[in-house]
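Chains, contacts and geometry: an overview
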There are 2 protein chains.
Amino acid sequence: MEAVFIGSGSVATHLALALQKKGVTIAQVYSRTQKNAAILAEKLNTTYTTDISEIYDKADIYFYALKDGAFRHTLKSFDLPDAIHVHTAGSIPMSEFDGIATKYGVFYPLQTFSKEKEVDFSKIPICIEAINSEVQKKLLEIAELLDSKTYLVTSEQRKKIHLAAVFACNFSNYMYDISSQILEDIGVNFEIMHPLIMETAEKIQSVQPYKAQTGPAVRFDDKIISSHLTMLKERRDLKKIYNLLSKDIYKRHKKK
Amino acid sequence: MEAVFIGSGSVATHLALALQKKGVTIAQVYSRTQKNAAILAEKLNTTYTTDISEIYDKADIYFYALKDGAFRHTLKSFDLPDAIHVHTAGSIPMSEFDGIATKYGVFYPLQTFSKEKEVDFSKIPICIEAINSEVQKKLLEIAELLDSKTYLVTSEQRKKIHLAAVFACNFSNYMYDISSQILEDIGVNFEIMHPLIMETAEKIQSVQPYKAQTGPAVRFDDKIISSHLTMLKERRDLKKIYNLLSKDIYKRHKKK
């Protein structure tokens with residue numbers, strides 16, 4: 001199987017490397033940015049282009065791993081009806097391919113990727129959507145090649161999964177960031193929080209988050225809450241977050 | 001060394017079991033609740049009491065692992081000037097022991113404990129505070145017995161560490177809970193989020209949370225943000241949180 005990668009960011013990098021390891025030929029990398037294209041092409045020991053008209057036209061599958069929105073513009077510029085076209089984004093509906101490609105789908109790995117950090121695709125859930133059963137079969141085969149767990153989801157569901165991921169990943173990380181700011185103020189290294197953060201994440205692998213909830217808000221411990229709010233009096237932004245989240249936790253656990 | 005545990009909750013249970021494994025004799029367990037006292041005493045193969053006047057008076061150290069505030073009341077009721085008295089709470093100042101005990105301190109394990117889940121004390125940071133160097137030496141020895149990493153912190157610092165932990169643990173868990181509610185609405189099992197949550201927690205073990213921040217808010221991706229807010233239009237509570245956190249992430253990353 002021959003694949004072309006449109007895009008050279010974190011998702012493209014990790015997915016292309018993982019597929020190559022499993023025997024897929026990465027025929028070419030395209031990126032608007034020469035530097036990024038060259039870096040990824042070197043990692044894959046393949047060729048690259050920054051010119052849409054020079055995109056290799058005999059691949060079996062084209063992966064669009066671009067910033068949301070940019071891919072439609074790229075796709076319009078060439079026409080390869082025999083190949084499968086898939087994007088890897090959480091929030092772009094599959095219908096973006098309507099009238100442009102004939103065989104298409106979505107291959108969305110639900111994970112946060114950093115260029116520096118290795119990822120193990122066998123632990124990444126892949127959300128798959130396809131225009132027909134032929135494409136679906138192919139995408140499931142590719143996911144199987146990577147030992148990934150697959151979920152067949154519609155564009156509507158995928159959008160909500162992406163929204164759920166913003167809470168579970170981006171907003172959790174922001175809670176870590178706030179925690180590190182509070183520690184910085186008192187000269188304590190953030191490493192003191194590492195074990196607690198790991199344990200909190202590990203716990204919900206076996207217990208529903210609702211049941212795993214601890215802390216002053218779920219205990220309705222008003223004394224601790226008001227002492228915390230006093231400590232935050234000079235950080236109005238954090239006080240607002242503390243107040244809002246505590247009230248919502250309280251409400252959620254009170255009514256049941 | 002002989003220890004008595006005042007309290008029979010999660011912290012008492014895990015700490016007493018861990019100390020016993022390392023050769024500390026747990027002479028007795030006290031709890032106001034007979035059932036809880038009996039359960040922990042059985043686990044430790046020791047005796048228990050629910051009567052303050054019957055607390056064993058020859059132990060070397062008394063651990064107060066009670067709900068915040070309850071311990072002062074207990075402590076007042078007996079007087080053991082030769083023993084060391086320590087509480088295990090994040091938010092109670094050491095000065096609560098003033099005028100009641102003579103040798104005292106704080107032994108605060110920074111972790112979230114569930115009764116069912118085993119914990120490894122060698123991975124738990126212990127925040128230590130002591131009234132004098134004799135007590136401090138003893139508490140450091142006990143932490144060393146458990147292979148725990150120790151931090152010498154004041155009551156003021158400990159209160160802020162506890163506040164930082166509310167963000168890192170309790171509020172992160174609430175983000176997981178919201179994520180699970182969004183998935184429940186579309187009939188997708190929350191297990192799809194497990195790898196993402198683990199990766200997010202693992203990442204900050206080596207990268208500062210500020211640098212690890214990803215998502216639409218840090219990319220200033222207004223299109224995605226407004227589509228997410230639209231999806232939340234029937235959950236005003238979640239919409240408010242999404243809006244507030246996104247704006248704050250935006251601000252934090254814009255000004256640098």
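Scope of this entry: the structure provided in the associated data block.

1. Looking at a positive patch on the surface
Taken together, the side chains of Lys233(A), Arg236(A), Lys239(A), Lys240(A), Lys247(A), Lys233(B), Arg236(B), Lys239(B), Lys240(B) and Lys247(B) present a region of like positive charge at the surface. For the positive patch, the secondary structure elements donating two or more residues are helix H9 (236–254) of chain A together with helix H9 (236–254) of chain B.

2. So, the packing of aromatic side chains
Scanning the entire structure with this criterion turns up 18 aromatic pairs over all chains. Taken together, a centroid distance of 5.9 Å and an interplanar angle of 70 degrees make the contact between Tyr64(B) and Phe97(B) edge-to-face. Of this pair, Tyr64(B) sits in strand S4 (residues 61–64) while Phe97(B) sits in the loop between strand S5 (84–87) and strand S6 (103–109), and the two are 33 residues apart along the sequence. Site record: aromatic cluster; members linked through ring pairs are Phe5(A), Phe63(A) and Phe107(A).

3. As for the nonpolar core
Core analysis: the largest hydrophobic core is formed by 120 residues, its most contacted members being Ile161(A), Met193(A), Ile161(B) and Met193(B). Not counting the four nearest positions on each side in its chain, Met193(A) is found in contact with Ser179(A), Leu183(A), Leu110(B), Ile161(B), Ala164(B), Ala165(B) and Ala168(B).

4. Description of helix H4 (residues 133–145) of chain A
Residues and elements named next belong to chain A. Here H4 spans 18 Å end to end across 13 residues, near enough to the 18 Å set by a 1.5 Å rise per residue. For H4, the complete set of buried residues consists of Val 135, Leu 139, Ile 142 and Ala 143. Seen from one end, H4 has its buried residues packed into an arc of 100 degrees, which puts them on one side. Seen from the buried face of H4, the exposed residues on the opposite side, beyond 90 degrees, are Ser 133, Lys 137 and Glu 144. Buried residues belonging to H4 abut helix H1 (10–21), strand S4 (61–64), strand S5 (84–87), strand S6 (103–109), strand S7 (125–130) and strand S8 (149–152).

5. Examining the relation of the copies chain B and chain A
Both copies of the chain are related by one operation, a rotation about an axis with a shift along it. Overlaying chain B with chain A gives an RMSD of 0.0 Å, the required rotation being 180 degrees about an axis along which the chain moves by 0.0 Å. Overall, the copies show the geometry of a two-fold rotation axis. When C-alpha distances to the rotation axis are compared across chain B, the minimum falls at Ser172(B), with a value of 2.4 Å. A shared binding surface is used by both copies, with 100% of the interface residues of chain B retained as interface residues in chain A.

Definitions and limits used
Residues numbered from 1 in each chain as written. Chains lettered and ligands numbered in written order. Predicted model: local features only at pLDDT ≥ 70, side-chain atom pairs only at ≥ 80, totals over all residues. Heavy atoms only, no water. Patch = residues over 30% accessible without salt bridge, like charges linked within 9 Å, V, L, I, M, F, W, Y side chains within 5 Å. Areas by Shrake-Rupley, 256 points an atom, 1.4 Å probe, with all protein chains shown as cover. Salt bridge = Lys/Arg side-chain N within 4 Å of Asp/Glu carboxyl O. Lys, Arg positive; Asp, Glu negative; His and termini not counted. Charge placed at Lys NZ, Arg CZ, Asp CG, Glu CD. Helix = DSSP H or I, 4+ residues; strand = E, 2+ residues; numbered from the N terminus. Phe/Tyr/Trp six-rings, centres within 6.5 Å; stacked < 30°, edge-to-face > 60°. Core = buried A, V, L, I, M, F, W, Y, C linked by side-chain atoms within 4.5 Å. Buried < 20%, exposed > 50% of the residue type's maximum accessible area, 1.4 Å probe, protein only. Contact = heavy atoms within 4.5 Å. Expected span 1.5 Å × (residues − 1). Arc of directions from axis to C-beta. Least-squares fit on C-alpha atoms with pLDDT ≥ 70 in both.

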